[in-house]
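The chain contents come next:
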Amino acid sequence: MSKSNSETRIVVGMSGGVDSSVTALLLKQQGYDVIGIFMKNWDDTDEFGVCTAEQDAEDVRRVCEQIDIPYYTVNFEKEYYDKVFAYFLEEYKRGRTPNPDVICNREIKFGEFLNKALDLGADYVATGHYARVVEDGSLFKLLRGIDNNKDQTYFLNALNQEQLSKAMFPIGHLPKPEVRRIADEAGLYTAKKKDSTGVCFIGERNFKEFLSNYLPAQSGKMIDIVSGEVKGQHDGLMYYTLGQRQGLGIGGSGSGEPWFVAEKDLENNILYVVQGDKHPSLYSTSLIASGINWISGADKIPGKPFKCTAKFRYRQPDQGVTLIPQKDGTLLVQFDVPQKAITPGQAVVFFNGEECLGGGTIEAPEKVQA
Ligand SMILES: Nc1ncnc2c1ncn2[C@@H]1O[C@H](COP(=O)(O)OP(=O)(O)OP(=O)(O)O)[C@@H](O)[C@H]1O
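Along each chain, numbering runs from 1 in the same order as the chain's sequence is written. Totals for whole chains, interfaces and linings use all residues, but because this is a predicted model, local features are given only for residues with pLDDT of at least 70 and pairs of side-chain atoms are given and counted only at 80 or more. Hydrogens and water are ignored here; the side-chain numbers use all heavy atoms of the structure.

As annotated in an unreviewed UniProt entry, the protein chain carries the name tRNA-specific 2-thiouridylase MnmA and comes from Paenibacillus segetis. For the protein chain, the Catalytic activity (unreviewed entry) comment in UniProt is given as "S-sulfanyl-L-cysteinyl-[protein] + uridine(34) in tRNA + AH2 + ATP = 2-thiouridine(34) in tRNA + L-cysteinyl-[protein] + A + AMP + diphosphate + H(+)". UniProt positions are given in the numbering used here, feature names are shortened, and annotations may be inferred rather than shown by experiment.

This is the structure in structure tokens:
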């Protein structure tokens, strides 16, 4: 017999934001045995001794007191450093653009944190992600959050059946304004707190300055990929992302159109740029995806070419693709139409309608022939 709500223990990952506050509130209202836990993954004390994690932990404490649930803080700084941050640095060192949030969800929130919750006797872990899990026969499916604008399945693409079977996303069926309204109506301390932005350990800080503390930067030439002309100097290849427009410092020259990052030559430390966003060097027709996670299980990866949609970055409408399984376990992802700024290291995530099928890491985009 299944447990009643009051017998079902749910540990809520509480960040001190409005989404996880409402997550805990809704579960408490439904009569579950709810525990709130704040994770400290990063020591972000600044030069004035101010630590935003401390402020967030304080917000978690206040909200948990308001909704009358026990709360704890756990420290995963070491695990986070070893499993997420080391990977993040390694990827930048290779001239790539990693997605630490995807790894954090797999290794920390639904890894270390989930295990900790299970140790505390939890039946489930809940988070304030905009996503849904549904049970379909013996399978757990990951569906997009119904608020299209907030859907976070892109970041959850690396979860497996085991992890999804223990995951709850109680606000995944709500639009964000409704979440704010619920928080407001309940008078939650965090109702008006602004949404966090950026990678969690960098926060609002200057990315360049942050990265320069960890990796040596070597400046070099910025060359026009069309003419071969030197256009300027770059500050270190790791600071640039393919397709990037801002911060090149070479505006105004040539036709007056903006310049974009077209390619990084790591070996020779050259940043190739191109003028105008229509140039073929910015577009690819396919990519190879490595480290494939297929949510329903690796044995369910279609053996034949398979049509679905994909996202190559978080804020992008779905694009039509064909997946072609390769002998080495990677997937060749062919695009219906050429795609701009396909960036090695980023996640490519596959969808079938509302369902997130899984994803992988972008390798080797095939450029459009000029
Ligand atoms: N430091 C943390 N401790 C515990 N859980 C966390 C922490 N950071 C994030 N989470 C969980 O992961 C979810 C998604 O995190 P994300 O960073 O995408 O959202 P967020 O903007 O921090 O959400 P929120 O509005 O709850 O702050 C959060 O809703 C929360 O449940």
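On we go from here.
## So, the pattern of salt bridges
Only one rule defines a salt bridge in this text: a Lys or Arg side-chain nitrogen within 4 Å of an Asp or Glu carboxyl oxygen. Counted by the stated rule, this structure contains 33 salt bridges. Where D19 meets K176, a salt bridge forms, and the shortest distance between an N and an O atom there is 2.9 Å. Separated by 157 residues along the polypeptide, D19 in helix α1 (residues 18-29) and K176 in helix α6 (residues 176-185) bring together distant segments of the chain. Across this residue pair, the class does not change: D19 and K176 are buried. With its nearest N and O atoms 2.8 Å apart, the salt bridge here joins D136 to K141. Relative accessibility thresholds used throughout: buried, under 20% of the residue-type maximum; exposed, over 50%; partly exposed, between the two (1.4 Å probe, protein chains only). Under the relative-accessibility criterion, K141 is labelled partly exposed at 22%. It is possible to trace a salt-bridge network through shared partners that takes in D19, K150, K176, R180 and D195. The numbering of helices and of strands both runs from the N terminus, where a helix is a DSSP run of H or I of at least 4 residues and a strand a run of E of at least 2.

## Overview of the packing of helix α3 (residues 77-93) against helix α4 (residues 100-119)
It is the contact of α3 with α4, at a shortest axis distance of 9 Å, that shows an interaxial angle of 165°. In terms of orientation, α3 and α4 fall into the roughly antiparallel class. For the crossing formed where α3 meets α4, the hand is right-handed. Here α3 contributes E79, Y80, K83, V84, Y87 and F88 to the contact with α4, which in turn contributes P100, I103, C104, E107, I108 and E112. Under this scheme, a helix contributes an axis fitted over its contacting stretch, all axes are lines through C-alpha atoms, and angles between N-to-C directions fall in the 0 to 180 degree range. Under this scheme an angle from 65 to 115 degrees is roughly perpendicular, one under 35 degrees roughly parallel, and one over 145 degrees roughly antiparallel; angles in between are oblique. Note: crossing handedness is left-handed where the near helix turns anticlockwise from the far helix by less than a right angle, and right-handed where it turns clockwise. Only heavy atoms enter the contact rule, under which two residues are in contact if any of them lie within 4.5 Å.

## Focus: unusual backbone geometry
One non-glycine residue with positive phi stands out, namely N269, at about 55°. When you line up the elements, N269 lands in the loop between β10 (259-265) and β11 (270-275). Overall, the relative accessible area of 13% leaves N269 in the buried class.

## Some words on α4
Given a residue, its bend is the angle between the two axes fitted to the seven residues that end at it and to the seven that start from it. Largest kink in α4: about 30°, centred on F113. All of the buried residues in α4 are P100, V102, I103, C104, N105, I108, F110, G111, E112, F113, L114 and A117. Positive backbone phi, approximately 85°, marks G121, located one or two places after α4.

## Digging into the sheet that holds strand β7 (residues 167-168)
Read across the sheet, five strands follow the order β3-β2-β1-β4-β7 without closing on themselves; strand pairing throughout is parallel. The open sheet has two edge strands with one neighbour each: β3 (71-75) and β7. Where strand β2 (residues 33-40) and β3 come together, five bridges link them in parallel fashion. By the bridge assignment, G36 is partnered in β3 with Y71. Seen against the sheet, α1 touches β1 (9-13), β2, β4 (124-126) and β7 and runs at an angle of roughly 165° to β1. Note on pairing: DSSP must find at least two bridges between two strands before they are called paired.

## Some details on the nonpolar core
Definition used in this section: a nonpolar core is a set of buried Ala, Val, Leu, Ile, Met, Phe, Trp, Tyr and Cys residues joined via side-chain atoms within 4.5 Å. F88, F113, L142, F201, L211, L248 and L271 are the most contacted members of the largest nonpolar core, which has 56 residues in total. Secondary structure elements with two or more residues in this core: β2, α3, α4, β6 (139-144), α7 (207-212), β10, β11 and β16 (347-352). Element by element, the count of residues in this core is highest for α4, at eight residues. Not counting residues up to four positions away in its chain, the partners in contact with L142 are A131, R132, T153, L156, L164, F169, I295, E354, E355 and C356. Among the nonpolar cores identified, the runner-up in size contains 29 residues, and V22, F38, C51 and I182 belong to it.

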